[in-house]
Every structure is written in C-alpha cells, then in structure tokens.
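The lines below spell out each chain.
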Amino acid sequence: MKLRNLTIFLILCIISCFLFGCTEEKQEETKDPSIINSGVFRIGLLTDDDNTSKLTEQGFTYANSLANKVNIDEVVEIQTSVITLDTEADASECANKLIDEDISAVVINTANESAFDSACSVFDKENIAVISISPFEYESDNVFKLNLNDEYIASCALTYAKEQGYSKTAILLESDSENNKSFERTYSSTHKAYLDSEPTVYYLSGDSKNYTADAVFAGNYDLIFISDRNNQESVISELKKKGYSGTIMLPEMLDKSLYLKETYNNCYAISKSEYDISNNISTVFYTQFSEHIGVSCEDVSAASAYGYDAYMVIFESLKSFSKFDNSSIFNNTSTTETSAVSKPDEILSSDFISALKGVSYHGVTDTITFINNNTSPTYIYVDYILNSNVFTDNKYVFNKTN
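Basis of the calculations
Note on numbering: residues in each chain are counted from 1, in written sequence order. Residue-level local features of this predicted model are given only where pLDDT is at least 70; pairs of side-chain atoms are given and counted only at 80 or more, and the full residue set underlies all totals for whole chains, interfaces and linings. Neither water nor hydrogens contribute to the side-chain values; these are computed over all heavy atoms in the structure. Secondary structure elements are taken from DSSP: a helix is a run of H or I of four residues or more, a strand is a run of E of two residues or more, and numbering for both begins at the N terminus. Exposed residues in this analysis have more than 50% of their type's maximum accessible area, buried residues have under 20%, and partly exposed residues fall in between, with area computed by a 1.4 Å probe over protein chains only. Here, two residues are considered to be in contact whenever any of their heavy atoms come within 4.5 Å of each other. Every accessible area reported is derived by Shrake-Rupley at a probe size of 1.4 Å, with residue values counting cover from the shown protein chains alone. Whenever Lys or Arg places a side-chain nitrogen within 4 Å of a carboxyl oxygen from Asp or Glu, that contact is recorded as a salt bridge. Should DSSP find at least two bridges between two strands, the strands are regarded as paired. When the strands point away from the viewer, a crossover counts as right-handed if the route from the first strand across the helix to the second turns clockwise. Axis lines are fitted to C-alpha atoms, over the contacting stretch for helices. Their N-to-C directions set the angle, which ranges from 0 to 180 degrees. Just so you know how the angles are binned, under 35 degrees is roughly parallel, over 145 roughly antiparallel, 65 to 115 roughly perpendicular, and the rest oblique. Take the far helix as the reference: if the near one is turned anticlockwise from it by less than a right angle, the crossing is left-handed, and if turned clockwise, right-handed. Amino acids are sorted into nonpolar (Ala, Val, Leu, Ile, Met, Phe, Trp, Tyr, Cys and Pro), charged (Asp, Glu, Lys and Arg) and polar (every other residue, Gly among them). Confidence of the predictor at the level of single residues is given by pLDDT, which spans 0 to 100.

**A word on the overall build of the protein chain**
Consideration 1: Across its full length, the protein chain carries 11 helices and 18 strands.
Consideration 2: The proportion of buried residues among the 402 residues of the protein chain is 52%.
Consideration 3: By sequence separation, contacts in the protein chain at least 24 residues apart represent 67% of the contacts at least 6 residues apart.
Consideration 4: Entry remark: accessible area of the protein chain is about 18,600 Å², with carbon and sulfur atoms responsible for 48%.

Written as structure tokens, this is what we have:
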C-alpha cells in the first residue's frame, strides 16, 4: 500500500511540474496588449445585416484587393475579418469575437445606436482604433468619424434652407436618446445662427414622443429634416398622404437603391460622396469600381465609397511606419524597392492611433484629415431625387484650402 501511494505521489509531482512548466512558457509568450503588430495587421469590419452594409463590405474588400497588389506586404501582412450584427444584443459579443481574432483596427457601419455604443465601448477598453461610418457620435480618443458629423449635416441643411428663403423648419428625431438630443442641440443652434429662429422638434419615440403626422402637417413647415433613418420611409409616406408638399430633406443616404423607391420621389438628401469630375481620385474609383461590380458609375453607392476609404485611411496610416512610397493604388504600382523597406518589429496601438490623427489621404469621399477625430469636408452635396433619378441640386464648399 505504501509503495502504491508513493508511486501515485511521484506521478502527481511529475504531472504538476509539467503543468507549471507549460504555464510558465505560456506566460512568456503572452502578447503585450499595447503591441498590435508582429508581422500581421488585421482589420475588422463590423456591420449590420442589410444592403447598405453589403455595399460597404464591397468597397472594403475591393480596397483590400488593391492594397495587396502593392508593396506594403513587405512591411506588414494585412488580413481582414468581417462580422455581421444579427441582433442589437450581440454587439458586444461580436466586438469581443473580433478582439479574439487579434484585430488592430476596426471599421463600424451600423444604423443601430445601442449596438454602435456597445461595440465602441468594447473596442475603446482595448485601445483599438475605430473608423466609424455610422450616423452616431462617440466621444473617445480612439474613435474616428469618417462620414459627416452633426455640425456639418446641420450646416448643409440650413445653408440650403437659407438660400431658398425658408424660415420655418422642423426636425424629426427617432427618439430622445442622448445622441439624438445632441444632434437636436446642434441643429437648433445652427438654425438660430442661419435663420434667426428656432426649429420645431419632434421625437418619434421615447419619453419625449410628440410626433404625429397630423401635427407635423399642420405646422406648415417650409422644410422638414428627417434625421431618423430607421423610420424614414414610413414617415415620408405618412406626410405625403396628409398632403405635405414642402421640402423633405434627409441625412446621408448611403444606399442608392433607396432612390428607386417611389416614396423618396421629390425628396432631397445630403451627400458627401458623388461622382464628381473635379475629384480625380473619386472619378477613377467610380469608373474602376463600377466595372468591378458591373454597374454604372452613377449607381455606385456612397456606402461602397466609405467602405473603400475606411480601409484606405488605415492603409495610409500604416504606411507611415515604413519607407513605403506614396504610389498610386489604382495603377497598382510602387516605386519602393524591397531592399529599401524596413519592417518594424512592432507597432504600438498608441503609435497607430497617433498616425491616424496625423493622416492626410486624398480619398474617394473627400480629402481625409481628422480634426478632433472628425473629418473636415471640402464639399457637401444636396441631391434631388426625381422619378428614381438623382440630380446634384447644390454643392457647398466648407473647408477648401486651395
């Protein structure tokens, strides 16, 4: 019996030593969370399960295919991961799944405010850079907004209203969430500055709900700005049925297939991405990408352009960590010689975020530079939708430098 116990004891000791040894080795190999690169840089894309998101993914993957043809792979191998949000509740789970895949940066496009906030919170805690093309604001040093922020949306809409001689407008918001209230404050202050009056504010849901189609129609407004993207179509239909014939203006519509719907006829929409011959990069992208997906240039949606630019602004920031030449992606060329490229041993997350802050990239949607983590648009367009066709009604200059 004693011999048997001694044998069991020795076996347990050997097993314990083996396990502790393995644990020590694993601890030595544990990745420093502040280091985001060890030869591979993975970019995540987190989107809704809708057509707008599919269009975003098209532009994103197209950018990846072009980037892989030039010489940045001598500096770092770029990989991508795409995850779709099935429900609002799984936003944090999806974000953590991307983190488990060791992403170094992520692009988010969701129309769900709660999902956006949840995902950003997860990435923010891990100090992961977020490029947002979602219609929401998130205050963080790590979150960079690529599409128009509240200030520019309000300025564009009310510049148009002032030009038309309008004085009485209303704004329709989805709910009384903090994000919507923030936009309401921006819109109201801009309204006061541009039109010397206050807008009427309607909430479609929440404790402050005061919207009815009858009330809005009775207001006899010159312009109604419908900020709520999720209920946009039904609200427009209700107002038209009541007989409203004034100007209905919408925020950025990233999916051009919506223009084909009869509901949107005679509406106006703000846009930051257009097939504009004055923007050479934009023209080349629209021409080549339209051939790639088999549509006309005019049918390329802003969602695809944003997906492309979101990837490329990350790509451009990565180039600052090497002697990579600023060559033309569209020509698939690089003048950098392989021998001249120095691979960084590691890229710190703090350094990459600093690189994003200092990036200057002539993209499809605009020349992209981040000021307080927001882009400063050069041009903003107002589109007019008529019989499923889109016409540029106005083009406003905001931050042109030359």
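Once the structure has been displayed, the description carries forward.
**Some points on unusual backbone geometry**
Consideration 1: In this model, Asp-196 sits at a positive phi of 55 degrees, which is unusual for a non-glycine residue.
Consideration 2: Residue position: Asp-196 is located in the loop between helix 6 (178–195) and strand 8 (200–203).
Consideration 3: Owing to a relative accessible area of 58%, Asp-196 belongs among the exposed residues under this scheme.
Consideration 4: Residues other than glycine seldom take positive phi values, yet Asn-266 does so here, at roughly 70 degrees.
Consideration 5: Looking at the element boundaries, Asn-266 is found in the loop between strand 10 (247–250) and strand 11 (268–271).

**Description of the pattern of salt bridges**
Consideration 1: The full count for this structure, using the stated rule, is seven salt bridges.
Consideration 2: A salt bridge links Glu-178 to Arg-185; the nearest nitrogen and oxygen atoms lie 2.7 Å apart.
Consideration 3: A salt bridge links Lys-242 to Asp-214; the shortest N-O distance between them is 2.8 Å. Remark: Asp-214 occurs in helix 7 (residues 213–218) and Lys-242 occurs in helix 8 (residues 232–242); sequence separation between them is 28 residues.

**Thoughts on the pairing of strand 9 (residues 223–226)**
Consideration 1: Burial along strand 9 is two-sided: Leu-223 and Phe-225 and Ile-224 and Ile-226, pointing in opposite directions, are all buried.
Consideration 2: Strand direction decides the pairing type here: strand 9 and strand 10, joined by three bridges, are parallel. Bridge pairing in strand 10 places Phe-225 opposite Met-249.
Consideration 3: Note that the unit made of strand 9, helix 8 and strand 10 has a crossover that is right-handed.

**A look at the packing of helix 2 (residues 51–67) against helix 10 (residues 302–318)**
Consideration 1: Close contact between helix 2 and helix 10 brings their axes to 6 Å; oriented N to C, the two are set at 40 degrees. The orientation of helix 2 relative to helix 10 falls into the category oblique. For helix 2 against helix 10, the interelement crossing comes out right-handed. Here Thr-52, Leu-55, Thr-56, Gln-58, Gly-59, Phe-60, Tyr-62, Ala-63, Asn-64, Leu-66 and Ala-67 of helix 2 come into contact with helix 10, specifically with Ala-303, Ser-304, Gly-307, Tyr-308, Tyr-311, Met-312 and Phe-315.
Consideration 2: Here the contact of helix 2 with helix 10 is built from residues that sort into 11 nonpolar, seven polar and no charged.

**A look at the confidence of the model for the protein chain**
As a general rule, the predicted coordinates of low-pLDDT regions are not to be interpreted in detail.
Consideration 1: Averaged over all residues, the pLDDT of the protein chain is 82; the fraction at 70 or higher stands at 79%.
Consideration 2: Across residues 1–6 the pLDDT falls below 50, and counting only partners more than four positions away or on other chains, this stretch makes zero contacts in the model.
Consideration 3: Taken together, the stretch residues 14–33 has pLDDT below 50 and engages in two contacts with residues farther than four places along the chain or on a different chain.

**Some words on the packing of helix 3 (residues 91–100) against helix 4 (residues 113–125)**
Consideration 1: Running from N to C, helix 3 and helix 4 cross one another at 35 degrees; their axes reach a closest spacing of 8 Å. Relative to helix 4, helix 3 is oriented so that their crossing is right-handed. Of the residues in helix 4, those in contact with Ala-91, Ser-92, Ala-95, Asn-96, Leu-98 and Ile-99 of helix 3 are Ala-115, Ser-118, Ala-119, Val-122 and Phe-123.

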